[in-house]
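The residues making up each chain are set out below.
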Amino acid sequence: MSVPEAAGPSGISQAEISSGAVSLPPGLPSAAVVDLDAIAANVRVLRGLAPTAAVMAVVKADAYGHGLLPSARAALAGGASWLGTAQISEALQLRAAGITVPVLSWLTVPGDQFAAAIEHHVDIGVSAPWALAEIAAAARDQGRAARVQLKVDTGLNRNGCTLADWPQLVEDALKLQADGLVSVVGAFSHFVESDAPANPVNELQLAAFRAALEVAEQAGARFEVRHIANSAATLTNPDAHFDLVRPGLAVYGLDPAPGATGETGLRPAMTLLGRVSNVKAVPAGQGVSYGHTYVTSTDTEVAIVPLGYGDGIPRHASSAGPVQLAGHTFHIAGRVCMDQVVVDLAGEGVGRVREGDVAVLFGGAPGEPTAQDWALAAGTISYEIVTRLSARVPRLYIGSAGR
Ligand SMILES: *Cc1c(COP(=O)(O)O)cnc(C)c1O
């Protein structure tokens, strides 16, 4: 095992654990242990659920906090044939690491790195005429056609071209294709509420997407890939699979629609560990942590765990976030601080937790708290819990997928 040294493209330190077990190497205050085999297995599950579609593993935002390159390689080992990123810079990091599979980036701004995207064969998502114009200019300079995928807004009212503007965007793109400046290779959209499969908005969006595809195909577009399904739609709505599915969260083993998906067979890839720095007795009736918002109800012991909002632990989880120690789940006592939290060991933990013990904040093994538990404790979604983990927490990798 090597202790983290090498920084990944995000600046997060990354290292390998050869033992294959989830553990916190001696001397480290904290780590997020990422099981690459879980990522590969999750992609296999998703492929099985969408057997007629290709899988684009979404690896934006440092693979939802799991580490871009190891996660991307593990997803490819599991059978993903595409990768998806929000920003072009993320796609370029994949290319710089020698990853050659098709990559789509869908969130661009005026003045973006279109020339580099074209040079490195990154598909560019296009939502607006300004992007087509900039991409065409960059393609002319490069002397090579840009691969573009047109994004239609079927109701999210976020990015994507409006249904009203769609016919014109398609026509403009096909003109540039005739001029040899772009290849229009895909069309896509994004759901509003795929985590609520029964919501009629899903059907309305699918109908709008089909109509938009029809308009484009009538105009002469021949798409390699048409896609709309994120994780939740991949899990719950086969009608949404088309040629390709675009799961992110599910690749990392988290459930995008708790309660709506049933038994998914997905396995959380990340386990967040912290090492207890202090255990001490606190009498009943004492305030704990800043503001004394928490008061001990019995004579107890508290454990200090060196993970705080500087590490991405949400302060909204104060007095709520679960922490497992000595095989039992306790809760944070009082405010989450920048660098640490305090855990009240009242009951099962008193006398059983020692300095140097390893706390599990969330993981995937039976009985462990989950990122979803943290999401509920903080009033957010599991996406945010894993993605917001900061660069101070080293990512350690176990498993062999993609290595
Ligand atoms: C983030 C994102 C996804 C993946 O969404 P999940 O809910 O994590 O599966 C897919 N498509 C687009 C356009 C996205 O922005």
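Residues numbered from 1 in each chain as written. Predicted model: local features only at pLDDT ≥ 70, side-chain atom pairs only at ≥ 80, totals over all residues. Heavy atoms only, no water.

An unreviewed UniProt entry lists the protein under the name Alanine racemase, with Kineosporia succinea as the source organism. UniProt, in the comment section headed Catalytic activity (unreviewed entry), describes the protein in these words: "L-alanine = D-alanine". In its Sequence similarities (unreviewed entry) section, UniProt records this for the protein: "Belongs to the alanine racemase family." (UniProt positions renumbered as here; feature names shortened; annotations may be inferred.)

Enquirer: Please explain the overall build of the protein as it appears in this structure.
Expert: Summing up its helical and strand segments, the protein has 11 helices and 20 strands in all. For the protein, whose C-alpha radius of gyration is 23 Å, the value lies close to the compact-globule estimate of 22 Å for 403 residues. Summarising its shape, the C-alpha atoms of the protein cover approximately 75 × 45 × 40 Å along the three principal directions. Counting across all 403 residues of the protein, residues that qualify as buried make up 53%. Taking the intrachain contacts of the protein between residues at least 6 apart in sequence as the baseline, contacts between residues at least 24 apart amount to 66%. Of the roughly 16000 Å² that the protein leaves accessible, carbon and sulfur atoms contribute 52%. Of the charged side chains in the protein, 26 are positive and 37 negative; the average position of the first set lies 3 Å away from that of the second. (Helix = DSSP H or I, 4+ residues; strand = E, 2+ residues; numbered from the N terminus. Rg over C-alpha atoms; globule rule 2.2 N^0.38 Å. Buried < 20%, exposed > 50% of the residue type's maximum accessible area, 1.4 Å probe, protein only. Contact = heavy atoms within 4.5 Å. Areas by Shrake-Rupley, 256 points an atom, 1.4 Å probe, with all protein chains shown as cover. Lys, Arg positive; Asp, Glu negative; His and termini not counted. Charge placed at Lys NZ, Arg CZ, Asp CG, Glu CD.)

Enquirer: Looking at this model, I keep getting lost on the side chain of E90. Mind explaining?
Expert: Tracing the chain through its elements places E90 in helix 4 (residues 88-96). Buried charged residue E90 carries no salt bridge. Nearest counter-charge: K60, at 8.2 Å. At 2.7 Å, the side chain of E90 forms a polar contact with the backbone nitrogen of A61. Discounting chain neighbours no more than four positions away, the residues touching E90 are K60, A61, D62, L68 and T85. (Salt bridge = Lys/Arg side-chain N within 4 Å of Asp/Glu carboxyl O. Polar contact = N/O pair within 3.5 Å; in protein donor to acceptor, adjacent residues only side chain to side chain.)

Enquirer: I would appreciate a short explanation of the site of the ligand in the present structure.
Expert: By nearness alone, 14 residues border the ligand, and K60, Y64, S231, G248 and Y383 come closest of all. Contact distances for the ligand include 2.7 Å between an oxygen atom and a side-chain N or O atom of K60. At 2.5 Å from an oxygen atom of the ligand is found a side-chain nitrogen or oxygen belonging to Y64. Here the ligand has 390 Å² of accessible area as a free molecule, and 94% of this is covered by the chains. By residue class, the composition of the shell around the ligand is 6 nonpolar, 4 polar and 4 charged. (Near = heavy atom within 4 Å. Nonpolar A, V, L, I, M, F, W, Y, C, P; charged D, E, K, R; others polar.)

Enquirer: What am I meant to see in the packing of aromatic side chains here?
Expert: Each aromatic ring pair is characterised by the separation of its centres together with the angle its planes make. Overall, the coordinates contain 4 aromatic pairs when judged by the stated rule. Seen from their ring centres, F114 and W130 are 6.2 Å apart, and the 55 degrees between their planes marks the pair as tilted. With a gap of 16 residues between them, F114 in helix 5 (residues 114-119) and W130 in helix 6 (residues 129-142) connect regions that are remote in the sequence. The exposure class assigned to F114 is buried, which follows from its relative accessible area of 2%. (Phe/Tyr/Trp six-rings, centres within 6.5 Å; stacked < 30°, edge-to-face > 60°.)

Enquirer: Please clarify how the domain arrangement of the protein should be interpreted in this entry.
Expert: In many reports, interface size means the accessible area that the parts give up when they come together. Once the domains are mapped, the protein shows domain 1 (36-252) and domain 2 (270-398). At the junction of the two partners, domain 1 supplies 9 residues and domain 2 supplies 8 residues. Taken together, the two surfaces of domain 1 and domain 2 that pack against each other cover about 850 Å², and 61% of this comes from carbon and sulfur. Viewed at the interface, domain 2 and domain 1 are joined by 0 salt bridges. Remark: the boundary between domain 1 and domain 2 carries 3 residue pairs in polar contact (both at pLDDT 80 or more). For the side of domain 1 that touches domain 2, the secondary-structure elements that each account for two or more residues are helix 1 (36-49) and helix 2 (60-64). Its residues placed into classes, the side of domain 1 that touches domain 2 shows 5 nonpolar, 3 polar and 1 charged. (Domains from an automatic or database assignment. Buried area = accessible area lost by both parts, 1.4 Å probe.)

Enquirer: What's the story with unusual backbone geometry in this structure? I'm lost.
Expert: Negative phi is the rule for most residues except glycine; trans is the rule for most peptide bonds. At N157, a residue that is not glycine, the phi angle is positive and equals roughly 55 degrees. Despite not being glycine, H292 has its phi angle at roughly 50 degrees, a positive value. Position of H292 among the secondary structure elements: in the loop between strand 13 (287-288) and strand 14 (294-295).

Enquirer: Is there a simple way to explain the UniProt feature "modified residue: N6-(pyridoxal phosphate)lysine" (unreviewed entry) in the protein in this structure?
Expert: What UniProt calls "modified residue: N6-(pyridoxal phosphate)lysine" (unreviewed entry) maps, in this numbering, to K60. Excluding residues that lie within four positions of it along the chain, K60 makes contacts with G84, T85, A86, E90 and W106.

Enquirer: Would you mind showing me how to read the nonpolar core here?
Expert: For soluble globular proteins, nonpolar side chains are generally found buried alongside one another. If you look at the biggest cluster of nonpolar residues, it comprises 117 residues, and the most contacted ones within it are I135, W166, L325 and L361. Looking at this core, you find at least three residues from each of domain 1 (36-252) and domain 2 (270-398). Ignoring anything within four residues of it in the chain, the contact list for W166 reads L150, K151, V152, C161, A187, A212, V215 and A216. Listed in part, the 8 residues of the second largest apolar core include L24, A31, L396 and I398. (Core = buried A, V, L, I, M, F, W, Y, C linked by side-chain atoms within 4.5 Å.)

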